[in-house]
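So you can see what is in the structure, the chains are spelled out below.
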Amino acid sequence: MKMGTRFLGAVILAGAFLQAAGAQDVDLIDKALATQKFNMFLSLARDADLTFELKGSGPYTIFAPTDEAFTSRYTKSQLDALRGNRNRLRQILLHHVVRGRVDAVSAVKMGYIHPMEGTAIPTRIVGGRGMIDGARFVVTNVNASNGILHGIDKVLVP
């Protein structure tokens, strides 16, 4: 079996499980909050006044960096400075958001995604794992009432 086929199969199984578990009962922000892996993304989204927008009807696809991705990229003082620059913070966060519902398989097959801010971001499969601009998918296809959430292990900077 090809490495890419294993990734695609795992993504399909994970998506089916989440659908069966009633995964579309809440919006993207509440889904991200429930996972406890995206607290920094959510905190920064609040500071950038994006929470209300991302709770809206969308649909949106969020490629959210994990808390570990933020702490490995930024020091506390850098994060504080970023919080103080609302426009730059919005650019960075919206570089992780795509309009519409894009599941992990489709994102990888597309070869590029087009975020709400910044230039197109390349996607591919490397060693059987889905990648988006060098970041690995660590959570895939968390369906919500207004879109899909994916977790990635790196902050994408436009």
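Bear in mind that the values here come from a model prediction, so they are computed numbers and not experimental data.

### Some details on the overall build of the protein chain
Line of reasoning, step 1. In terms of helices and strands, the protein chain carries eight helices and seven strands.
Line of reasoning, step 2. Expressed as a percentage of the 158 residues in the protein chain, the buried residues total 46%.
Line of reasoning, step 3. For the protein chain, restricting intrachain contacts to residue pairs at least 6 apart in sequence, the fraction spanning at least 24 positions comes to 67%.
Line of reasoning, step 4. Counting only carbon and sulfur atoms, one obtains 55% of the accessible surface of the protein chain, whose full area is about 7,700 Å².

### Some thoughts on the sheet that holds strand S5 (residues 129–132)
Line of reasoning, step 1. Strand order across the open sheet formed by seven strands is S2-S1-S7-S6-S5-S4-S3, with mixed pairing between neighbours. Because the sheet does not close on itself, it has two edges, and the strands there are strand S2 (97–99) and strand S3 (112–113).
Line of reasoning, step 2. Two elements, S3 and strand S4 (residues 121–126), share two bridges in a ladder whose sense is antiparallel. Residue Ile113 lies in a different strand from S4, and its bridge partner there is Ile121.
Line of reasoning, step 3. Along the sheet face, helix H2 (residues 28–35) touches strand S1 (60–65), strand S6 (135–144) and strand S7 (147–152) and points at about 35° away from the line of S7.

### Some thoughts on the pairing of S1
The side chains of a regular strand alternate between the sheet's two faces.
Line of reasoning, step 1. Counting buried residues in S1 gives six out of six residues, a clear majority hidden from the surface.
Line of reasoning, step 2. Side-chain alternation along S1 places Tyr60, Ile62 and Ala64 on one buried face and Thr61, Phe63 and Pro65 on a second face that is also buried.
Line of reasoning, step 3. The sheet contact formed by S1 and S2 spans three bridges and is antiparallel. By the bridge assignment, Thr61 is partnered in S2 with Val98.
Line of reasoning, step 4. In this sheet, S7 lies alongside S1 in parallel orientation, the contact comprising six bridges. Within S7, the position partnered with Ile62 by the bridge is Leu149.

### Considerations on the nonpolar core
Line of reasoning, step 1. Counting 30 residues, the largest nonpolar core has Ile62, Phe70, Leu93 and Leu149 as the members making the most contacts within it.
Line of reasoning, step 2. Only H2, helix H3 (39–47), S1, helix H5 (67–73), helix H6 (76–84), helix H7 (86–94) and S6 provide two or more residues apiece to this core.
Line of reasoning, step 3. If one sorts the elements of this core by residue count, H3 sits on top with five residues.
Line of reasoning, step 4. Filtering out sequence-adjacent residues up to four positions away, Leu93 remains in contact with Phe41, Leu44, Ala45, Ala48, Leu50 and Phe70.
Line of reasoning, step 5. Counting 13 residues, the second largest nonpolar core, distinct from the first, contains Phe63, Val102, Val108 and Phe137.

### A word on the confidence of the model for the protein chain
Line of reasoning, step 1. Summarising the model, the protein chain shows a mean pLDDT of 88, and 85% of its residues fall at 70 or more.
Line of reasoning, step 2. Per-element mean pLDDT across the protein chain ranges from 46 in helix H1 (residues 3–20) up to 98 in S1.
Line of reasoning, step 3. The low-confidence segment residues 7–23 (pLDDT under 50) makes 27 contacts with residues lying over four places distant or belonging to another chain.

### Things to note about the pattern of salt bridges
Line of reasoning, step 1. According to the stated counting rule, one finds eight salt bridges in the structure shown.
Line of reasoning, step 2. Among the ionic pairs, Asp30 bridges to Lys55, the shortest N-O distance being 3.2 Å. A residue pair is termed long-range when its members are at least 10 positions apart, and Asp30 in helix H2 and Lys55 in the loop between helix H4 (51–54) and S1 qualify at 25 residues.
Line of reasoning, step 3. Residues joined in a network through salt bridges with shared partners are Asp27, Asp30 and Lys55.

About the thresholds
- Residues numbered from 1 in each chain as written.
- Predicted model: local features only at pLDDT ≥ 70, side-chain atom pairs only at ≥ 80, totals over all residues.
- Heavy atoms only, no water.
- Helix = DSSP H or I, 4+ residues; strand = E, 2+ residues; numbered from the N terminus.
- Buried < 20%, exposed > 50% of the residue type's maximum accessible area, 1.4 Å probe, protein only.
- Contact = heavy atoms within 4.5 Å.
- Areas by Shrake-Rupley, 256 points an atom, 1.4 Å probe, with all protein chains shown as cover.
- Pairing = 2+ DSSP bridges.
- Axes fitted to C-alpha atoms, helices over the stretch in contact; angles between N-to-C directions.
- Core = buried A, V, L, I, M, F, W, Y, C linked by side-chain atoms within 4.5 Å.
- pLDDT = per-residue confidence, 0-100.
- Salt bridge = Lys/Arg side-chain N within 4 Å of Asp/Glu carboxyl O.

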